[in-house]
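Chain and residue survey
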Amino acid sequence: TGSSSDVTADDGSYTLTEIAPAASVLLSFTKAGMVPQSRATAALSASGSSTVINIPMLPVAVTVNFDPQAAYDVVVPGSTAMVKLRANSLRRADGSAPTGPATARVTPIAPASDVNVMPGNYLAGTDGGAAPIESFGALDASFVDADGAPLNLAAGMDATVRIAPSSRATVLPPSVPLFHYNTTTGLWVQEGTATLQGTAPSQYYEGTVTHFTTWNADQIYNTVRVNGCVQDSAGQRVGGALVMSEGKSYTGAASALTNANGEFSVQVKRASSAFVIANTATEISNAPTVSIGDGDLSLGACLELTRSAVSVKLTWGANPEDLDSHTLGANASEHVYYSDKGSLAAAPFIGLDVDDTDSFGPEVTTFAKLAKNRTYRFFVRNFSGTFDPGQTGSPARIELSNRGAQSIFTPPAGETSSTDYWHVFDLTTDANCNATVVPVQQFLADPPAPINTDENAQYCN
């Protein structure tokens, strides 16, 4: 970002310092073999402020060499995504022809399972300023010649892109605008239209493009606002907290900062369902789900930041329709799941926001307090009992945030039609309630057994 850069450690962590305070700071992430990422943050407007930005990076889906003087279709195996090139349509930046064979790198982006895989902040540039968008799927495409020189479409040439649909909406629109990502501004720019073609489950949005970058099939939506406040565990209002909204019935996200009195107003799509969550560099809040109509909505209670700063987010695909989050707590009898969503104010000090039964999620589990010298267990149940696809093919995904450190889990090998349960991880605590993540990653025919055998858990304040 600007002149500040860092190389991530073996565990993916990084720290950027000496960044000038600004209303918006744009961060870019690159690595060979991965799709470039980008994110803007508004949480660095005060001197000395800090924020945590965790981003997923996608591996390039297909890398293929081809003759750029001939027409060529770049096909992504297992997906309807594709790029169709005309003969002799690629050029270097200076307008010269490519040297030798060209290399294509093409990757479909599926934001319905994880909204964070999309570059940017789901904002499009318009004449009236930045406007929120919802995505129906995206595609990243880049090309180089034998010398490694970047290639793009020649002046007056075009290409056809097919984008595999990925949406939390129940109905896909027959046509949507195409947007490309501007890596300088961090905003999406509308250019062209894509139409829905094919027959489910082999549908795709097809459109014509005149240059290559990340292309997104999405649309600007009408917004209302969720208004509320953020406080700490002692009831004190918290200014400068980052509040995020994420669609449950649409694929999009928005953010806002709390003012000095801890108040916020964050955008959501009109007539939709979404959840909201707040965080600082060291704390995270509960994540209530809201159903929004045609007007603004005020939350009945402040979002409460927790010192444990542990949360677990489950997302998945269209099928199986119903996956369930399960947490075994610090006492032997504690089991937080759809029939007992727990409590953040009293034991087990664990809360499940909602039981999502109609695909995608997300389901968010928040820990308000941790107990000393205990082991928590987290697992996912395939409540639908369907395995075409199962959790592995869905794909299911777990994001675990432990005091700002993020762990990502996807299903391991071993799923069968008799293994409804995915034991993801255990969380062990020491005498000071510091939590250590212990990956388990096993499919089971029966739920994992509780490990805590008494009811005498002692919690840290």
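The coordinates are above.
Residues numbered from 1 in each chain as written. Predicted model: local features only at pLDDT ≥ 70, side-chain atom pairs only at ≥ 80, totals over all residues. Heavy atoms only, no water.

1. Points about the sheet that holds strand β30 (residues 363-367)
With respect to topology, 6 strands assemble into an open sheet ordered β28-β29-β30-β25-β32-β33, the strand pairing being antiparallel. Two strands lie at the open edges of the sheet, namely β28 (342-343) and β33 (405-409), each paired on one side alone. Bridge analysis of β28 against strand β29 (residues 350-352) gives 2 bridges, and the strand direction is antiparallel. The partner of G342 across the bridge, within β29, is G351. (Pairing = 2+ DSSP bridges. Helix = DSSP H or I, 4+ residues; strand = E, 2+ residues; numbered from the N terminus.)

2. Things to note about the environment of S24
Relative to the helices and strands, S24 is located in the segment before β1 (25-29). On a C-alpha basis, the gap between S24 and A42 in space is 4.6 Å, while along the polypeptide they are 18 residues apart. Dropping the residues within four chain positions of it, S24 is found in contact with A40 and T41. (Contact = heavy atoms within 4.5 Å.)

3. Structural notes on the pattern of salt bridges
Within this structure, the stated rule accounts for 14 salt bridges. Taking the shortest distance from any N to any O, the salt bridge between K269 and E134 comes out at 2.6 Å. Here E134 lies in strand β9 (residues 129-144) and K269 lies in strand β19 (residues 263-269), a separation of 135 residues in the sequence. A salt bridge links D426 to R377; its shortest N-O distance comes to 3.1 Å. Note that D426 is positioned in strand β34 (residues 421-429) and R377 in strand β31 (residues 375-382), a separation of 49 residues in sequence. On the basis of relative accessibility, which here comes to 17%, the residue R377 falls in the buried class. (Salt bridge = Lys/Arg side-chain N within 4 Å of Asp/Glu carboxyl O. Buried < 20%, exposed > 50% of the residue type's maximum accessible area, 1.4 Å probe, protein only.)

4. Some thoughts on the side chain of R162
Counting through the fold element by element, R162 comes out in strand β11 (residues 159-163). On the basis of relative accessibility, which here comes to 19%, the residue R162 falls in the buried class. A polar contact is formed between the side chain of R162 and the side chain of E206, at a distance of 2.7 Å. For R162, the residues in contact, after removing those within four places along its chain, are T80, A81, M82, K84, L139, Y204, Y205 and E206. (Polar contact = N/O pair within 3.5 Å; in protein donor to acceptor, adjacent residues only side chain to side chain.)

5. Here we look at the packing of aromatic side chains
Inspection of the entire model under this criterion finds 15 aromatic pairs. Consider the rings of F367 and Y376, whose centres lie 5.6 Å apart with planes at 80°: the pair is edge-to-face. In this structure, F367 and Y376 share a single accessibility class: buried. With 5.5 Å between their ring centres and 20° between their planes, F409 and F425 make a pair best called stacked. A residue pair is termed long-range when its members are at least 10 positions apart, and F409 in strand β33 and F425 in strand β34 qualify at 16 residues. (Phe/Tyr/Trp six-rings, centres within 6.5 Å; stacked < 30°, edge-to-face > 60°.)

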